[in-house]
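# Chain and residue survey
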2 protein chains.
Amino acid sequence: MPLFFKISLFFFFFFFVISLSLLEYNHPLESLTLFELTQVTNIVKNSYFPLNVTFHYVGLNEPNKQLVLSWLSSTHHHTKSTTPPHEAIVITRIDKKTHEIIVDLSSVSILSDKIYNGHGYPMLTLQEQTAADELPLSYPPFISSIKKRRLKLKEVACQGFPVGWYGEKKRSTNRMVKGICYYLDGTINLYMRLIEGITIIVLLDQMTIASYIDRLIVPVPKANGTDYMGSKRQRSSHESNSIKIVQPDGPSFTLDYGNTVRWGDWKFHVAYDMRAGIIISLASMFDADKREFRSVMYRGFVAYFDAGEFGFGLCAVELEPSKDCPDNAKFIDGYFISQDGTPGKMPTVICIFERYAGRYHAAPYRGCNSREKGKLIRKVRPEVSLVVRMVSTVGNYDYITDYEFKQSGTIKVMVSLLEVRGSIYTHNDQIKEEVYGTLIAENTLDVDGHENSFVKNNLKTRRAINKSSPRKSYWTVVSETAETESDAKIQLGSSRGVFEMVVVNPNKKTEVGNEIGYCLIPGGSSTSPLLSDDDYPQIRRGFTKYNVWVTPYNKFEKWAGGLYTDQSHGDDTLAIWSLRDREIKNKDIVLWYTFGVHHVPKQEEKIFQLCQH
Amino acid sequence: MPLFFKISLFFFFFFFVISLSLLEYNHPLESLTLFELTQVTNIVKNSYFPLNVTFHYVGLNEPNKQLVLSWLSSTHHHTKSTTPPHEAIVITRIDKKTHEIIVDLSSVSILSDKIYNGHGYPMLTLQEQTAADELPLSYPPFISSIKKRRLKLKEVACQGFPVGWYGEKKRSTNRMVKGICYYLDGTINLYMRLIEGITIIVLLDQMTIASYIDRLIVPVPKANGTDYMGSKRQRSSHESNSIKIVQPDGPSFTLDYGNTVRWGDWKFHVAYDMRAGIIISLASMFDADKREFRSVMYRGFVAYFDAGEFGFGLCAVELEPSKDCPDNAKFIDGYFISQDGTPGKMPTVICIFERYAGRYHAAPYRGCNSREKGKLIRKVRPEVSLVVRMVSTVGNYDYITDYEFKQSGTIKVMVSLLEVRGSIYTHNDQIKEEVYGTLIAENTLDVDGHENSFVKNNLKTRRAINKSSPRKSYWTVVSETAETESDAKIQLGSSRGVFEMVVVNPNKKTEVGNEIGYCLIPGGSSTSPLLSDDDYPQIRRGFTKYNVWVTPYNKFEKWAGGLYTDQSHGDDTLAIWSLRDREIKNKDIVLWYTFGVHHVPKQEEKIFQLCQH
């Protein structure tokens, strides 16, 4: 374990001891502090001593929604009685078994400890990923394979990939990865020069090579021309002059100790999670007329399917001021745990900044033809939005996740994908998987309260029957409120009529009698799965079949691809939960939005917006 | 005519006379100068004296593409022999006839003068729009209608809307608009309070009311709650602190006298046009290896269907520094002509600025699992892009058009629509039109030369037949090169397989043997028309039937909705030209992209990208 973590730990320990009495009752959705992480891992380790415990995930055990909401509505937040229980959930491997352990953080005691016996395994730790990557480099048969290929061993780098599930009936008894190796010599782009023909299976719990096959020798692609993104840019004849973003009066938002952000009419909570990355909670907007905050979203996060294997949060990078985020950004640190339970700090893992978003007219004014009248009403005010950003690198992709809060009430979520390799596949007949791409956003909307309905607005073409009009057709809006889960499964693109998806509060009306609502605007072209329904990778992520799903809120239905994604069989996924076809009308509902990527090797942006209806 | 125009004219006249000898041979695609506009309108007016000439459009008569390209490739640009002829095209109404007049700018002489006898009329002038809007306010029957409704005349404002075409067989003999009137009293949002039940037809050439019917009295909607965008924001409890964008060393781009922009590896020309707004031409990128500029796009512009009636350029607004565009922007002025031929300046109608676009890794580096190895290769450089912006207001919409040039070679085009009204329609059974929305982008791509092909890449699911694999299916890319125009008509969404559309140069290959190409990435959900094919509004813009069209380059096929849009019958449109089903393989081709809007009353962004393949 690097010295670095120990130093941070030491420093933060004192800090927290000092401040503890002042800030005893924190925000109920706050991420675990370094001090708490230490407490949690210590109690778990101690209770199993002398057995070896490996830590795969530690996070906040989300309190019951009702308790959080009553805490929120309470005027005296800082009393013990109104604060929801503060608990951690720990996922460990002990003696080749997966344990789900709940720890109470106030009493520092284990509340429950369950062994998970179903399909699938917890997230991979950073340490075992590293160890698995290095294992082949000292494995004699691999060394001899490299020699046979006349390659230099010191220029070889391997990476472990999850093995998935291909229909094996028996429950897998081993955590494992498939090692894929590349040749660097002359390129800095790891993924460009695949060493083909070698199959390596590494057992993770044992950290041994279980299977090694050197099938055939294929020449490694030449280094020439492989750094198509890197060096080309370095060669570029021009560099841009620097752009500074300055706020002379400082930022307009505040970020309190518990990571609650207040900006303009917006208020929301930001948390870092080892798996989900950024979690936005309790987003609400101030209504100046009613002098109160009105709820919009209870919780929202975007997850990559592989978040269950690698962790969006764990794979996040340290953001560099004025490079990854503009000069006017504020940063939030994250805290994670290493395999042995040592907590570590991820410095500046989330940044928050105001951005000049474009321009708008604050006051509507007359159109084109009014310019010469001198009557033009024009009040231009620069439009500023607030961005919450994290960057994760999973394998060869960079995921830049931006939550953009707009003054208009819209939340725009943009995930920019930047791929940093060419193609692993050199043979066209190689069977392609879609392992590079499914993002799923889970949005627990609370539109002005918790009883919401999901409405599809369809545009329908009608034949004109009024003989007095020369018109042949017209179109009209047909609204349909989803009664059960099956009504709300939507394949975008195929049902071209659905132009608007709105989560409304049927119990509250606007002044003109409309239901108060938030709509989903999908962005980018929608993708649907290309694999057949019975193909195993597709069974594991059946939720990609539809772009939109709505489910009744259930604290335990959080990960669309299942809590244990690695080697999962797809039995704990959104598609399976939804088979119950539960009622979703006028209920506490969750809106899921899947935006897929078909491994198109270029920069892409996946966007969706939640906007005021 | 306001005094303002005369003053600018005077000043600019001298300026141009002085500088003329120094800059005799300008860029062949440069917009007409104020001096040239004066020359053009004077010669046309003089040749018809004493008849009254009304000017509807004056713009550059685009030289033949071959001449422009040979000028571009010539090392001695500034000789008379290599400079393409500099001509203006003037569209006027003289004695109730539409004239298309070509004027040679060097000899200042009329080269041709044709009378147009087909369907459709030229763009409306600003002056006749204003006059038509004011006509009802002094029309006794209208004054009495307003009295009957107990409204205050001084709070009434009218606006003229194009009348369209509804199947009348006879050629229309009159230019006209339908007057629609609103009540302001207490609201600043013109479009919120429609005065219903009155039909007014104004003849434009005569500027008289041809038909007036007061059918029924319907109460005007209350002002309360109508300023949902304006006043709500003014009430907002918080104002953001200012954000300044500073470039201490100045911008990195240069803008020369002839409006050629050079930035990083990019070079392109920007022009203002009364109708199209921004026209980007001759975009090319510098190839450091070959030490030469490689062409990307010959010409590109985005047009609203109504550009033919109102003019995207004519409806552009003066951009305010640090409000409409950031502090580091440079501005370009535009020059237009008034109805009587007087040229006018549109100050700061286009702005160009560098924008911090996010972040990227210049050098690819190893993924998540490498963090602890201390080997992480990470070179972060802020990503900067160059934006060319114009804002047009047509009726109740603001169109913000941004061309974003990226260092990666991508051109991203984003049109943000901001609607400034609620709804005109109060009756659900009123027949809806899609008059608010079709945008069409015309992109004459020249990918590394002028002989290009259009390739559709489709993702196809295949059933796995290899019995040794547990996999049930796989997917593969099937490429199809379009032979003729009908092969390239694409309805996005319906053909979910088409995942990539690429314009390639089949005559040039990359190092690894791929054809050099530019791809189209459509953004936002695609829309298709809701009206039936035989409905008149749909006949007029048949091009909305497909999102993508490819045609062979033809200088005269520029306006997808026809040169004369007002009252057009759809006979001079993209859908009709394409019926010839011309060959488009290995030809000089044009890529058309339609992005529609179904009058969804909220802010929307329509995006597409042209990216390096």
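Residues numbered from 1 in each chain as written. Chains lettered and ligands numbered in written order. Predicted model: local features only at pLDDT ≥ 70, side-chain atom pairs only at ≥ 80, totals over all residues. Heavy atoms only, no water.

## A word on the state of the cysteines
All names here are of chain B. One pass over the structure, following the stated rule, counts four disulfides over all chains. A disulfide bridge connects Cys-158 with Cys-181, and the sulfur atoms are separated by 2.1 Å. Taking the torsion about the S-S bond as the criterion, the Cys-158 to Cys-181 disulfide, at about 100 degrees, is right-handed. Taken together, the residues Cys-158 in strand E5 (residues 156-162) and Cys-181 in strand E6 (residues 176-183) connect sequence positions 23 residues apart. Given a relative accessible area of 2%, Cys-158 falls into the buried group. Between the sulfur atoms of Cys-325 and its disulfide mate Cys-351 the distance is 2.1 Å. Taking the torsion about the sulfur-sulfur bond, which here is approximately -90 degrees, the covalent link between Cys-325 and Cys-351 counts as left-handed. Of this pair, Cys-325 sits in the loop between strand E14 (292-304) and strand E15 (330-337) while Cys-351 is found in strand E16 (residues 343-356), placing the two residues 26 residues apart along the sequence. With a relative accessible area of 0%, Cys-325 lands in the buried category. (Disulfide = S-S within 2.5 Å. Helix = DSSP H or I, 4+ residues; strand = E, 2+ residues; numbered from the N terminus. Buried < 20%, exposed > 50% of the residue type's maximum accessible area, 1.4 Å probe, protein only.)

## Description of the nonpolar core
Phe-405 and Phe-454 of chain A together with Phe-405 and Phe-454 of chain B are the most contacted members of the largest nonpolar core, which totals 261 residues. Not counting residues up to four positions away in its chain, the partners in contact with Phe-405 of chain B are Trp-263, Trp-266, Phe-268, Ile-280, Ala-283, Ser-385, Leu-386, Val-388, Thr-410 and Ile-411 of chain B. (Core = buried A, V, L, I, M, F, W, Y, C linked by side-chain atoms within 4.5 Å. Contact = heavy atoms within 4.5 Å.)

## What to know about the pairing of strand E7 (residues 198-203) of chain B
Taken residue by residue, a regular strand's side chains alternate between the two faces of the sheet. Residue and element names in this part refer to chain B. The buried fraction of E7 is high, at five of six residues. Examined bridge by bridge, E6 and E7 share four bridges and lie antiparallel to one another. Bridge pairing links Met-176 to Leu-203 in E7. Sheet analysis places E7 next to strand E8 (residues 208-214), joined by six bridges and oriented antiparallel. Residue pairing across strands places Leu-203 opposite Thr-208, the latter belonging to E8. Between E7 and E8, which pair antiparallel one after the other, the connecting turn spans four residues, and Met-207 there sits at a positive phi close to 50 degrees. (Pairing = 2+ DSSP bridges.)

## A short note on the confidence of the model for chain A
Residue and element names in this part refer to chain A. On average, residues of chain A score 81 in pLDDT, and 78% of them are at 70 or above. Here residues 1-24 scores under 50 on pLDDT; set against residues more than four positions off or in separate chains, the count is 25 contacts. A low-confidence stretch, residues 360-367 stays under pLDDT 50, and its non-local contacts, those more than four residues away or across chains, total 42 contacts. (pLDDT = per-residue confidence, 0-100.)

## What to know about the pattern of salt bridges
Evaluation of the coordinates by the stated rule reveals 56 salt bridges over all chains. Taking the shortest distance from any N to any O, the salt bridge between Asp-333 of chain A and Lys-345 of chain A comes out at 3.4 Å. With Asp-333 of chain A in strand E15 (residues 330-337) and Lys-345 of chain A in strand E16 (residues 343-356), the pair connects residues that are twelve residues apart, well separated along the chain. Note on Asp-333 of chain A: relative accessible area 26%, which makes it partly exposed. The salt bridge involving Arg-175 of chain B is made with Glu-128 of chain B; its shortest N-O contact spans 2.4 Å. With a gap of 47 residues between them, Arg-175 of chain B in the loop between E5 and E6 and Glu-128 of chain B in helix H4 (residues 126-134) connect regions that are remote in the sequence. Residue Arg-175 of chain B is classed as buried on the basis of its relative accessible area of 0%. (Salt bridge = Lys/Arg side-chain N within 4 Å of Asp/Glu carboxyl O.)

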